[in-house]
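Structural overview
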Amino acid sequence: MLGSVESVILSEGGLDDPLDDDGSLKEQLDRLPVICRFQYGPIANMILTKFDPLMTQYRDIVSAIGNNSTSAAPPDVQTRVAIVEGQLTWLTYMVGAIVGGHSWSSAHMSEGQETIDASLSRRVLQLSQGMDYRLTGSNGVSRSTPELEQAMLYYFQNFRRVYMFMWDQMSTSNSDSGEHLTVVGMMTAKLDSGGPSTKQKVYQRMFEHLGMGEHTAVANLIVTKMGNNLKYWPEDQDLIGKTLDLLHDMAQGYSSSKLLLTLETVQFLARHHTEEHFPFLGIPGNARHRTTFHSTLTRLLLSPNGEEKLGLTFEQFMEPIVNKMTQLGNLSPTDLRQEQCRIALIGVFRDLRGITASLHNRKTYGALFEVLHPNQLPLLAKVADVWHDQTDVIISLLRFLNEFCHNKANRVNFDQSSPNGILLFRCTSEVVCAYGSRLLSMPALSSNDPEIYKKRYKGLALALGVLNSALGGNYVCFGVFELYNDRALDSALDVALRMALTVPLDDVNAYPKLSKAYYSFIEILFRSHRRTAFALDTTVFMQIMATVHDGLQSSDASISAFCANTIDHMASYYFNNRSKDKIEMQYLTKHLAAQPNLFSSLTATLFNLLLYGPPQNHWAVMRPMLSLMLAS
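Residues numbered from 1 in each chain as written. Predicted model: local features only at pLDDT ≥ 70, side-chain atom pairs only at ≥ 80, totals over all residues. Heavy atoms only, no water.

1. A word on the overall build of the protein
- Each helix and strand in the protein was counted, giving 34 helices and zero strands.
- The buried share of the protein, taken over its 632 residues, is 51%.
- Counting only contacts in the protein whose residues sit at least 6 apart along the sequence, the fraction spanning at least 24 positions is 76%.
- Surface accessibility of the protein: about 28,800 Å² in total, with carbon and sulfur atoms responsible for 52%.
- Positive and negative side-chain charges in the protein, numbering 54 and 62 respectively, have mean positions lying 5 Å apart. (Helix = DSSP H or I, 4+ residues; strand = E, 2+ residues; numbered from the N terminus. Buried < 20%, exposed > 50% of the residue type's maximum accessible area, 1.4 Å probe, protein only. Contact = heavy atoms within 4.5 Å. Areas by Shrake-Rupley, 256 points an atom, 1.4 Å probe, with all protein chains shown as cover. Lys, Arg positive; Asp, Glu negative; His and termini not counted. Charge placed at Lys NZ, Arg CZ, Asp CG, Glu CD.)

Pasting the structure below:
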């Protein structure tokens, strides 16, 4: 591994770098800890004899370069730096793989292995400190190679997985020595009345031998390095993505998230999540990383005691985004369409989507709704109308709105006297109608157009998905709209139906995301809005039933389930109301008169699927059997 570095560099592109082959690299690193653990001590000593001289060389070379970029150094120095950094990259990957291969649950875990982990980890953490000092001292001018930075993140990820799950217990055990015990501390004291557990002893020995301070100091070192990556590597999308993924993983854990809240770097991130402090937020290629970044910060902020420990309220956290939305909302449609607004709009919607994704209960969702309503929500329909033909802007808007309307964990649950559910649906309806009307007025694209999905179907599928989330969220009493002559519901259903019917059957089945959005919409229509569905022209109604019949035979279990439920809703309604004089029954009877064998053909298809279809679809296709037989 180490020998390949010099060979690759001296070949001047003639040889492929093994570090560039992620698949091969992962395969080697997965096997490495299994091999090394058999002779862990000798192998660790061998790694240390390689690591220490390279660290000394690297320190001397970096001192000679100073705060200048490596590319400004003489060619021979550049070659030396590249060779040393390449070899350090391999060693860092090796240490990360070996430390990450440590198993707490192994019955054959040898005592003392944690001290070897500490010896290896100390070298890597010291290298990280040196890289960070070089990066911050030169204000980002003098940097290591991206490969070495990624190797460091790989080590951090493995170290986190093995040694961070105990941090909360260690903090508890340290605090237990004081006068006051937390509830967790008292529970731990009862469970471990015989003293520290074996794992806690191993953990303590590891950090004592590491010699870099308590676990909080090590955590601060890791998180500070990640924060500087976000600040000084804005153009490296891969590095930014891996850094944010690591931060997100750390925020997911109970112990590690509690520890993160106490670190100054995390507090700085929460208070300054803007482009001025973190330039990567302003680069268009990093737009998707904004979602992860804000999702992680929101999760930390809204965790127990998060606002108190970060010294920040949710409203203060939202202030930069709200100010940006206010500026954009005050622009005229012509000014809003200016190119400089594109990145700002995409950024705002990406940020909001990440924030919304981390809201898991009624209280936190209500806090966001209060921040956005009533002043900021009108911007959404305005953007849908003005930027309807720009895929990147529309997709970011619709994805945020889809998340905002999604009632996961029953979080969209307003007070009984609150009109917020209706107001939320009105906003949704305005966006879907604004975008849908514009989409329908655009000339149709040929099915052979290779970009038809990107230009038309992607936004159409997301618009249907947004409406599906709103219609199926169970937070709106839809009868109110007809009672007060409000066209919000009828307009949304009309535009959505017209959009859905413009898609040929072959295209519906050709794109999985479009298929799920389409069939989910039809199922909701037949379940909760039958009057709209049955009032369609017979030709259009039979066109929908033809797509349902085709979707019923889909190999995708979720699509066949949507179609089976659609048939069940229709047949059940017909059987339960066939003797009643309802307007819906009049519409449905007219359709059945035009197509008398509709129920029988659907029944035959269901029996055929039951006998010859894939087993995973049997439960779905069995559901409408009884209702179809009774209706026939």
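2. Notes on the packing of helix H29 (residues 538–552) against helix H31 (residues 583–594)
- Relative to each other, H29 and H31 sit at 75°, their axes nearing to 10 Å. Compared by their axis directions, H29 and H31 come out roughly perpendicular. Contact with H29, carried on its side by Thr-538, Phe-541 and Met-542, involves Leu-588, Lys-590, His-591 and Ala-594 of H31 and no other residues of that element.
- Broken down by class, the residue content of the contact of H29 with H31 amounts to four nonpolar, two polar and one charged. (Axes fitted to C-alpha atoms, helices over the stretch in contact; angles between N-to-C directions. Parallel < 35°, antiparallel > 145°, perpendicular 65-115°, else oblique. Nonpolar A, V, L, I, M, F, W, Y, C, P; charged D, E, K, R; others polar.)

3. Brief notes about the nonpolar core
- Ranked by size, the top nonpolar core spans 200 residues in total, and within it Phe-404, Phe-425, Phe-521, Phe-526 and Met-570 carry the most contacts.
- Ignoring any residue separated from it by four or fewer positions in sequence, one finds Phe-404 in contact with Thr-356, Tyr-365, Leu-368, Phe-369, Leu-372, Leu-377, Arg-411, Val-412 and Leu-424. (Core = buried A, V, L, I, M, F, W, Y, C linked by side-chain atoms within 4.5 Å.)

4. Notes on the confidence of the model for the protein
- Per-residue confidence for the protein gives a mean pLDDT of 89; residues scoring 70 or more make up 91%.
- Segment residues 175–193: pLDDT under 50, and eleven contacts once partners within four positions in sequence are set aside and those in other chains are kept. (pLDDT = per-residue confidence, 0-100.)

5. Structural notes on the pattern of salt bridges
- In total, this model carries 27 salt bridges according to the counting rule given.
- The partner of Arg-134 in a salt bridge is Glu-85, and the shortest N-O contact between them spans 3.1 Å. Here Arg-134 is found in helix H5 (residues 113–137), whereas its partner Glu-85 is found in helix H4 (residues 75–100), with 49 residues between them in sequence.
- Note that Lys-408 is salt-bridged to Glu-403, the shortest N-O span being 3.0 Å. (Salt bridge = Lys/Arg side-chain N within 4 Å of Asp/Glu carboxyl O.)

6. Regarding unusual backbone geometry
- Cis geometry is adopted by the peptide bond preceding Pro-374, which originates at His-373 and carries an omega value of 5°.
- Position of Pro-374 relative to the elements: it lies in the loop between helix H19 (362–372) and helix H20 (378–386).
- Notably, Asn-474 is not glycine yet its phi reads approximately 60°, a positive angle.
- Backbone geometry at Asn-485 places phi at a positive 55°, although glycine is not the residue there.
- Relative to the helices and strands, Asn-485 resides in the loop between helix H24 (479–483) and helix H25 (488–501).
- For Asn-485, a relative accessible area of 70% translates into the label exposed.

7. Comments concerning the state of the cysteines
- Considering all chains together, one arrives at zero disulfides under this definition.
- Cysteine Cys-341 shares no disulfide, and the gap to the nearest cysteine sulfur, in Cys-427, comes to 19 Å.
- For Cys-341, a relative accessible area of 7% gives the class buried. (Disulfide = S-S within 2.5 Å.)

8. Observations regarding a negative patch on the surface
- A surface patch of like charges, here negative, comprises Asp-20, Asp-21, Asp-22 and Glu-147.
- If you trace the backbone, Asp-20 turns up in the loop between helix H1 (2–10) and helix H2 (22–36). (Patch = residues over 30% accessible without salt bridge, like charges linked within 9 Å, V, L, I, M, F, W, Y side chains within 5 Å.)

9. Some points on a nonpolar patch on the surface
- Side chains of Val-34, Ile-35 and Phe-38 sit close together on the surface and give an oily, nonpolar patch of about 360 Å² of accessible area.
- Residue placement: Val-34 occurs in helix H2.
- A relative accessible area of 53% places Val-34 in the exposed class.

10. Points about H31
- The terminal C-alpha atoms of H31 lie 17 Å apart, and with twelve residues this matches the ideal 16 Å at 1.5 Å per residue to within 8%.
- Among all positions in H31, only Glu-584, Met-585, Leu-588, His-591 and Leu-592 are buried. All buried residues of H31 fall inside an arc of 125° around its axis, so they share one side.
- Where H31 is buried, its residues contact helix H28 (530–534), H29, helix H30 (557–577) and helix H32 (598–612). (Expected span 1.5 Å × (residues − 1). Arc of directions from axis to C-beta.)

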